[in-house]
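# Report on the structure
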Amino acid sequence: MTSPNVLLIGCGKMGGALAQGWMAAQNPPKLMVLDRKLQQAPGDSPIVRAASDIPADFQPDIIVLAVKPAGADAMLATLRDALGERLHKSALLSVMAGKTCDHLAQACGWDDMAVIRTMPNTPSSVGAGTTGLYASPHVSEAQKQIAITLMKQVGTVVPVSRETDLRSIIAIAGSAPAYIFFLTELLEKTGVELGLTAEQSRELARSMMYGAGKMLHDLPEDASTLRKNVTSPNGTTAAALAVFMDENNWPRTVKLAAQAAVRRSEELDN
Ligand SMILES: NC(=O)c1ccc[n+]([C@@H]2O[C@H](COP(=O)([O-])OP(=O)(O)OC[C@H]3O[C@@H](n4cnc5c(N)ncnc54)[C@H](O)[C@@H]3O)[C@@H](O)[C@H]2O)c1
């Protein structure tokens, strides 16, 4: 398959992570970046500052929208003015944690606009992303396959057939790297409180997170089996897990946190 023409709108934390991941992939897309303040794009991809600067001969196959939901409508209005029918011919792939496909299609100016909604995460920057993907009814099979291939270049893709499932995906994958980074921060801090140096604690916590993640990635065993393999009867891990696994601790906290993410994504959709 030839590499698609991709217009990436917004090359901040998420758009930048995707661009980095794509540039390290085997068959990277032909990327043009639209960002008002970016100095250098991954792979030295061309940058334009505004929709009106997009070259007249550039026909994107996919337009990846990676600005904040609050800025999306204004951006799509300028894009429609600048691209006209070229926008209609493209597929719009949103990575935003808000704004429905119907809303985005209307903001583009065509009810039958091909809109794909995804929820990726920042590990895409190192080719280890996780992306939930929903294609609205006006997306052709060819466009859907281009989008899936593009997002697979930076990790794993989980297609869903209900748009509302993207809210659960935000809670379990899109936002979730932050939960893991926070746990790492807490472990590092606790290591120091227990007498390790900051350097030792940082190396221990980060290396452990990598090792546990690699096991989950590489091995077929369930997470619960991997956990049990660490837990000697009446040993140190059992002592620690008795605290974490109390119904009022992690089981409750994780559920409450995920529900909060889902609620916020519902708000951002409207
Ligand atoms: N950060 C994440 O982990 C993550 C994960 C999944 C989805 N998302 C989604 O990605 C989107 C972007 O989030 P982010 O964290 O990357 O934000 P960000 O602020 O880091 O990036 C936004 C980028 O868009 C550019 N931009 C904004 N308005 C512009 C305009 N009018 N013209 C030109 N450039 C403009 C900014 O310069 C910036 O580089 C959000 O909708 C968010 O929901 C983020």
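Relevant structure appears above.
First, a word on scope: everything that follows refers to the structure included in this document. (Residues numbered from 1 in each chain as written. Predicted model: local features only at pLDDT ≥ 70, side-chain atom pairs only at ≥ 80, totals over all residues. Heavy atoms only, no water.)

### Examining helix 6 (residues 165–174)
Buried residues dominate helix 6, accounting for seven of its 10 residues. Among all positions of helix 6, only Asp165, Leu166, Arg167, Ile169, Ile170, Ala171 and Ala173 are buried. The inward-facing, buried residues of helix 6 abut strand 6 (114–119), strand 7 (129–135), helix 7 (176–193) and helix 11 (250–269). (Buried < 20%, exposed > 50% of the residue type's maximum accessible area, 1.4 Å probe, protein only. Helix = DSSP H or I, 4+ residues; strand = E, 2+ residues; numbered from the N terminus. Contact = heavy atoms within 4.5 Å.)

### Describing a positive patch on the surface
Together, Lys13, Arg36, Lys37 and Lys68 make up a region of like positive charge exposed at the surface. In this fold, Lys68 is placed in the loop between strand 4 (62–65) and helix 2 (69–83). Given a relative accessible area of 68%, Lys68 falls into the exposed group. (Patch = residues over 30% accessible without salt bridge, like charges linked within 9 Å, V, L, I, M, F, W, Y side chains within 5 Å. Areas by Shrake-Rupley, 256 points an atom, 1.4 Å probe, with all protein chains shown as cover. Salt bridge = Lys/Arg side-chain N within 4 Å of Asp/Glu carboxyl O. Lys, Arg positive; Asp, Glu negative; His and termini not counted. Charge placed at Lys NZ, Arg CZ, Asp CG, Glu CD.)

### So, a nonpolar patch on the surface
A contiguous nonpolar patch, built from Phe244, Met245, Trp250 and Val254 and spanning about 380 Å² of accessible area, is present on the exposed surface. Note on placement: Trp250 falls in helix 11. Judged by relative accessible area, which is 39%, Trp250 ranks as partly exposed.

### Section: the pattern of salt bridges
Using the criterion set out here, one finds eight salt bridges in the structure. For Glu163, the salt bridge goes to Arg117, with nearest N and O atoms at 2.8 Å. Here Glu163 is found in the loop between strand 8 (155–159) and helix 6, whereas its partner Arg117 is found in strand 6, with 46 residues between them in sequence. Here Arg167 and Glu266 are joined by a salt bridge, their closest N and O atoms 4.0 Å apart. Of this pair, Arg167 sits in helix 6 while Glu266 sits in helix 11, and the two are 99 residues apart along the sequence. On the basis of relative accessible area, Arg167 is assigned to the buried category, the value being 19%.

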